[in-house]
Number of protein chains: 12
Amino acid sequence: MSQMILILNGPNLNLLGTRQPDVYGKTTLGDIENSCRIRADFQGMKVDFRQSNIEGELVDWLHEVRLSHAGVVINAGAYTHTSIALMDAVSSIELPVVEVHLSNIHAREEFRHQSYISRVAIGQICGFGALSYELALDALAAHIQNS
Amino acid sequence: MSQMILILNGPNLNLLGTRQPDVYGKTTLGDIENSCRIRADFQGMKVDFRQSNIEGELVDWLHEVRLSHAGVVINAGAYTHTSIALMDAVSSIELPVVEVHLSNIHAREEFRHQSYISRVAIGQICGFGALSYELALDALAAHIQNS
Amino acid sequence: MSQMILILNGPNLNLLGTRQPDVYGKTTLGDIENSCRIRADFQGMKVDFRQSNIEGELVDWLHEVRLSHAGVVINAGAYTHTSIALMDAVSSIELPVVEVHLSNIHAREEFRHQSYISRVAIGQICGFGALSYELALDALAAHIQNS
Amino acid sequence: MSQMILILNGPNLNLLGTRQPDVYGKTTLGDIENSCRIRADFQGMKVDFRQSNIEGELVDWLHEVRLSHAGVVINAGAYTHTSIALMDAVSSIELPVVEVHLSNIHAREEFRHQSYISRVAIGQICGFGALSYELALDALAAHIQNS
Amino acid sequence: MSQMILILNGPNLNLLGTRQPDVYGKTTLGDIENSCRIRADFQGMKVDFRQSNIEGELVDWLHEVRLSHAGVVINAGAYTHTSIALMDAVSSIELPVVEVHLSNIHAREEFRHQSYISRVAIGQICGFGALSYELALDALAAHIQNS
Amino acid sequence: MSQMILILNGPNLNLLGTRQPDVYGKTTLGDIENSCRIRADFQGMKVDFRQSNIEGELVDWLHEVRLSHAGVVINAGAYTHTSIALMDAVSSIELPVVEVHLSNIHAREEFRHQSYISRVAIGQICGFGALSYELALDALAAHIQNS
Amino acid sequence: MSQMILILNGPNLNLLGTRQPDVYGKTTLGDIENSCRIRADFQGMKVDFRQSNIEGELVDWLHEVRLSHAGVVINAGAYTHTSIALMDAVSSIELPVVEVHLSNIHAREEFRHQSYISRVAIGQICGFGALSYELALDALAAHIQNS
Amino acid sequence: MSQMILILNGPNLNLLGTRQPDVYGKTTLGDIENSCRIRADFQGMKVDFRQSNIEGELVDWLHEVRLSHAGVVINAGAYTHTSIALMDAVSSIELPVVEVHLSNIHAREEFRHQSYISRVAIGQICGFGALSYELALDALAAHIQNS
Amino acid sequence: MSQMILILNGPNLNLLGTRQPDVYGKTTLGDIENSCRIRADFQGMKVDFRQSNIEGELVDWLHEVRLSHAGVVINAGAYTHTSIALMDAVSSIELPVVEVHLSNIHAREEFRHQSYISRVAIGQICGFGALSYELALDALAAHIQNS
Amino acid sequence: MSQMILILNGPNLNLLGTRQPDVYGKTTLGDIENSCRIRADFQGMKVDFRQSNIEGELVDWLHEVRLSHAGVVINAGAYTHTSIALMDAVSSIELPVVEVHLSNIHAREEFRHQSYISRVAIGQICGFGALSYELALDALAAHIQNS
Amino acid sequence: MSQMILILNGPNLNLLGTRQPDVYGKTTLGDIENSCRIRADFQGMKVDFRQSNIEGELVDWLHEVRLSHAGVVINAGAYTHTSIALMDAVSSIELPVVEVHLSNIHAREEFRHQSYISRVAIGQICGFGALSYELALDALAAHIQNS
Amino acid sequence: MSQMILILNGPNLNLLGTRQPDVYGKTTLGDIENSCRIRADFQGMKVDFRQSNIEGELVDWLHEVRLSHAGVVINAGAYTHTSIALMDAVSSIELPVVEVHLSNIHAREEFRHQSYISRVAIGQICGFGALSYELALDALAAHIQNS
């Protein structure tokens, strides 16, 4: 049976494709979801793709999947840099979590260099646009297989 | 036809008039809404006045109005100083946004001097109580007219 | 008639007992609620016990009880360290508020040493697990009695 | 009888309209003076409009008007960020003072985010070009009326 | 047989009741000692209550009791924020130590927010005046019972 | 014809597999080279795999390949955090560069969180051991194809 | 023949007696001049008492007296904390200089704790109102006598 | 009857005259005591002159004199920069306290620029060697007379 | 016709040759003016040599020459490190400006390492005494020729 | 005749052998004293071995030996990092002083990396347990011989 | 006989003319060498022109010439900001050293403002492209002549 | 059979005896090598004495000896303060490493107080000139014997 992967998207990612295209490109979140489904399918995994602008709802969802899913890919958007609550949520569920970002956050404003989520995630992939998600799925698949 | 302006109020502003009157005065949020409607009317604009204590709901509302409204006046309250998500929302919608504060935030605690929203707003008006909102509507009207 | 005390719990505390047991122990939030009810009963108080992962909902609840309740015990979890909104909510309601933490936050990561809530609470109790809540109820009862 | 308002302009503002037009626009200081006179007239106030590049002369002028004038609008230019002497002058005269800036100083270089004058002014208006001055006159008129 | 608890008081606490009553209240150190004895008695413990203004004497006393006593309540006063020596003493004796403060140190000057002792104590109770000590005795009693 | 990719490895990576296996695992640099060759082959690329402990030699090699190769995968090891010279080299050659790390550098010592290379690379992949390199090759292949 | 002492007063000191009397008292600068003349007379010295709000004029005056006078008492007001130019002027003339302040600058805002002038003056006297000047004249007289 | 003044000397001052004469001169602490007695006599005051290397003993002595003496001159030596306990002692006794230093502490190492005692003393006099003490007695006499 | 170059000298430079000769040498400002005239003559340029201790006057002069002169050599003395007003003046006139210093400011006190003027000047020459000015004239001549 | 060396031990070192054996080992202070006596004897020196938990007593002892002894080995324990008074004492006596630590303080908590004593000692030896003392005696012997 | 001058070029300068031409221009390192030879010839000096990307090789070369050459012009590139080793090498050879940079490093990224080499060089010339080197040769020639 | 000890010397140490003799003395590196051989011989060890100015070569050598040698004494010179690569090399080889410095680095410039190597070495010996090396050999011999 396929394993379910939660792909969690944080604030403002719903506007993707319309918002600051020079930084994030023209791909929409729907496009990313599609690519993820294809890639996941290829890895024998299923995708549970969600987005919320509410920090606490992202926390809720992480809790919700902790027994039913096999792993998480998280792009917490701006909450990456400010949310200790999300960091605590990631460390409180016992699932492997991979952090992704569309843009290279380390090449942007100083306050985007820091990530609370990085402290508790397996690894981070950033800067490759939608491809960041697909690489994260690959990394997660490999991680799950080796555990 | 009148242009619609979103006036967005952040956390704790619903208590206005009851909360720390030495800092914020006795005017309620309802009073401010009324003054804004009168002033907007005078400028040939309509007001869509909202308040939420939830950061993500404020983000949602900014997204919601980005095609239907002509501009935004935002008093993000305490989220002013901590929310990169709101800053990203402001910069992702392509509307003119004016930042207001009832009190002079630069004369209060150190952690209230910094504003993420200022980095992407047209300008900031603070320290004049309810009048801050009215001046912001004037500034927004002038900005829209000149664009 | 018994006085009502709001016991407010922030993000991730719903997972208590399952999450990082070496830091927080095996007690669940339900266990804590029970202990609190017994202790409150002993003090002639009633307990209104709530938990949310959403910062704004915690703010809402503080507003909601400001006329009906006699005091608040708050464990804001990760929001302790990042939420000026919660700090403003605490100072805007005119109720006595006691801050609690299960673990000794001053002995953990540097970013957990700072508390915005401490600036406006009566006092802080941390490090005693579920007992922190009971001691807080005692402190609150004494405070209310002496006011 | 009309009340006199000092509008004080600091270093380099005399070059306005020629200097960095992408930041400050093409309006000259003379244009601003004219707009201010019209707006002040509308408010039943008179304008005393001055500019100096010398920090101490700005201090002198603030002292000079403290008994004769009803209020001050100040754009201290670069001295905003470095002059404790001007801050002391503002707090030593007992007149209401409104701080203005043509550009949004909070969206420029880090060293322009801090303002000594903000600590002692009623409020700050920035980012609206010449209109910042007119809004400041409105705010000052309202403040004087309510005092 | 009753267990002995050292209650250790640091610099200036001998003046309690006369010193800055707006911060610390009118209770004297003798009053606190009495309350502690009653509460300890209730918990089946005995109290060894001491005060010194000399950092090294406080260190000496911690060493002295490490085999004879069952636990320590410490209010290190100003040494809380500066003494690594006391922190080392607390960690070198193998007794449970609870840190107390009369006032809420987190709501006072910045330099009182930091505590070296917190890093090695079980927990901290502050802000409840003399009651802080009694709660600390309760916490200590519970801790000893559970160990 | 296959495109050539430089895979550049910095200081101490030659000891891989023997050094701190709890942090870096047991895979040797030879193992990684093999995986990379297979993956590159799959992508229709060829791999030029090098390692040096000398900062300047890494700079030399980047210069050397700037006309002959199609892209670079770089794991600069400890030089990641200290070498402006390598950052300048990366930005002076006009090739796409992807930064990799075996471990999640953001979850290690504070001084390993900062990366000069991130400021000029396309993106960063870290935390997945040898797989980090393979994912980087995939990202690079996609990038080259889309340019 | 009497020795001439320059007593140099910086920005806003001309308003003394009217400005923030809770900080600086009701004594005017004229009163201070009188006290200084009496005290200097007692010490067999003459006083050259000046005030300017212009930093550069204070520098000019220090240069002017460097051959004609025997020493300087300086209250540079707000320039104390920001003027490297005054510090250089003090060190470039080869006269003994004593720094005075009416208020205890070390007990006021953080930015008033630092003094550039202290780095090159003989000593500092602050907190004693007008008496600070008289003590400075005594100190200067003793210094000149011993040189 | 003469008023008693405590002159309190901190660590290493007992070695005065032998220690780093280029910084502190050749005067011994006995010489200073003599000068102080003469000056105090002139002011109709008596001197209680003490020295200790133990921080807590200095605290003890401040407590001891709080009802019997009329004021304090304190040279806390190195404890000036590190002792919050002494600062608390100064603020807990209700006597006027003047801070003195032999050398100009603001012109020495960075860590000697900060003084905890300054935050609660009337004023500070530094840089004039033994004369600093005599000026402090004058300042104290004037202060007591005016209270 | 010869091009006119403004050589602008800031505070305390008028004392050159008398002031701290170990840092600045014995050359007077008149000597430097002479050398500059000779060197300028050689370059087919004329020199307009000025000095002021008043920050605002330096700003005035920069404004004054912006249409009549071909370039500026500026030694802003102590204002180099503190004056945003001078930096703004340099960037507001559209002339090439070369920054000079007699001493190597980067080898002196920490607070002299930073230069606001450097941010907007073409380049900086420091450490060569009077020769710094001559090299600056050479650099300016070359720059003007190439523009 | 043998030269006398003071070996001075600071706070908590009296507990050595019982306290945190993973950091400091099982050797007692008595064991160290014995090793030191043997080693000193070998060097033709005598040892005066003392320990105190009181900062001021350590200062007293340094003063006491300044004429009678030939040098000092000091392990100031926690006072190493906080005591300017001990640093002043070391620099005020004119004896060679060698600083030792049992553990490698540079590999422990950040606040243990800084040493005030290092600024005035000849050198530092740390990390070798009791052997640190013996090496210090060797270094001191060589130093005394060469002076 | 002509004096030999080492002109030392650090990392990435070999790519000059191809690398970031908007920052460094199109001139190659060969062009600069030619200009230097001509200018040196004019000054009666000979040029020994070298480049390396290896920090230690630059150190080696500085050592190598310390007896044979008359001075050094150094453009250490990125090592300017990070290499204490080069700073030590410059101070260990007893030759006059002039620091040059093609671009104005003070107007670039924050981390390029600091220079270790500046602390030990005679002076710094930056911002004039290849001309920086020629001016440095002039400065060096004058320095050698005057020594 | 004798154990081999690598004694590794970093940048500029080859100039020892000629370079800044007031800081490092007149002893050459050859002299140190001789002393080390004698001392090592005494300890039944052999010395492999090397020096390089190239960071990467020092890393190479550490790798090279990790199976053949019994321990390392390292004086990394300026790389001590900047090289994470050397720190990683020290921790990646599993040999005991003792850090030495000729001068007391803690009493020199601020940037020399920090050592990356200290974080992973057994201990540090500094300030005793050539003797530092000999003491390090003693410490290493003892360490090896006890392991």
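Look above for the structure.
Because the structure is a prediction, the values reported are computed rather than measured.

How each quantity is defined
Residues numbered from 1 in each chain as written. Chains lettered and ligands numbered in written order. Predicted model: local features only at pLDDT ≥ 70, side-chain atom pairs only at ≥ 80, totals over all residues. Heavy atoms only, no water. Axes fitted to C-alpha atoms, helices over the stretch in contact; angles between N-to-C directions. Helix = DSSP H or I, 4+ residues; strand = E, 2+ residues; numbered from the N terminus. Parallel < 35°, antiparallel > 145°, perpendicular 65-115°, else oblique. Contact = heavy atoms within 4.5 Å. Nonpolar A, V, L, I, M, F, W, Y, C, P; charged D, E, K, R; others polar. Buried area = accessible area lost by both parts, 1.4 Å probe. Salt bridge = Lys/Arg side-chain N within 4 Å of Asp/Glu carboxyl O. Least-squares fit on C-alpha atoms with pLDDT ≥ 70 in both. Expected span 1.5 Å × (residues − 1). Buried < 20%, exposed > 50% of the residue type's maximum accessible area, 1.4 Å probe, protein only. Arc of directions from axis to C-beta.

Colleague: What should I look at first to understand the packing of helix H3 (residues 55-64) of chain J against helix H5 (residues 84-92) of chain J in this one?
Modeller: A pair of packed helices is characterised by two quantities: the angle between their axes and the separation of those axes. All names here are of chain J. Between H3 and H5, the least distance of the axes is 9 Å, while the angle of their chain directions is 0 degrees. If you check the angle between H3 and H5, you find them roughly parallel. Across the interface between the two elements, Glu55, Leu58, Val59, Leu62 and His63 of H3 pack against Ala85, Leu86, Ala89, Val90 and Ser92 of H5. Its residues assigned to classes, the contact of H3 with H5 comprises seven nonpolar, two polar and one charged.

Colleague: So what exactly am I meant to see when it comes to the interface of chain K and chain L here?
Modeller: Quite often, the size of an interface is put as the accessible area lost when its parts meet. Taken together, the 20 residues of chain K in the interface contact 17 residues of chain L. Across the chain K to chain L interface the summed buried area is about 1,400 Å²; carbon plus sulfur atoms make up 57%. When the buried area of chain K at its contact with chain L is split by residue, His63(K), Ile84(K) and Asp88(K) rank highest and sum to 32% of it. Where chain K meets chain L, there are one salt bridge.

Colleague: Honestly, the relation of the copies chain J and chain L in this entry has me stumped. Any pointers?
Modeller: The two chain copies are connected by a rotation around an axis plus a translation along it. For the match of chain J to chain L, the screw axis carries a shift of 0.0 Å, the RMSD comes to 0.0 Å, and the turn is 180 degrees. Those values place the two copies in the arrangement expected of a two-fold rotation axis. Measuring from the rotation axis to each C-alpha of chain J, the shortest distance belongs to Ile125(J), at 2.2 Å. Comparing interface residues between copies, 100% of those in chain J also lie at the interface in chain L; the contact surface is shared.

Colleague: What should I look at first to understand unusual backbone geometry in this one?
Modeller: Trans is the common state for peptide bonds, and a negative phi is the common state for residues other than glycine. Of note in the backbone geometry, Asn12(J) takes a positive phi value of approximately 75 degrees without being a glycine. Summarising the element assignment, Asn12(J) is placed in the loop between strand E1 (3-9) and helix H1 (21-24).

Colleague: Whenever I open this one, helix H2 (residues 29-42) of chain J confuses me. Can you help?
Modeller: For the α-helix, the turn length of 3.6 residues means that residues three or four positions removed from each other point alike. All names here are of chain J. Along its 14 residues, H2 runs 20 Å from first to last C-alpha, staying within 8% of the 20 Å computed at 1.5 Å per residue. Every buried residue belonging to H2 is among Leu29, Ile32, Cys36, Arg39 and Ala40, and all of these are buried. One side of H2 holds all its buried residues, which, seen down the axis, span an arc of 100 degrees. For H2, exposure combined with an orientation more than 90 degrees from the buried face picks out Ile38, Asp41 and Phe42.

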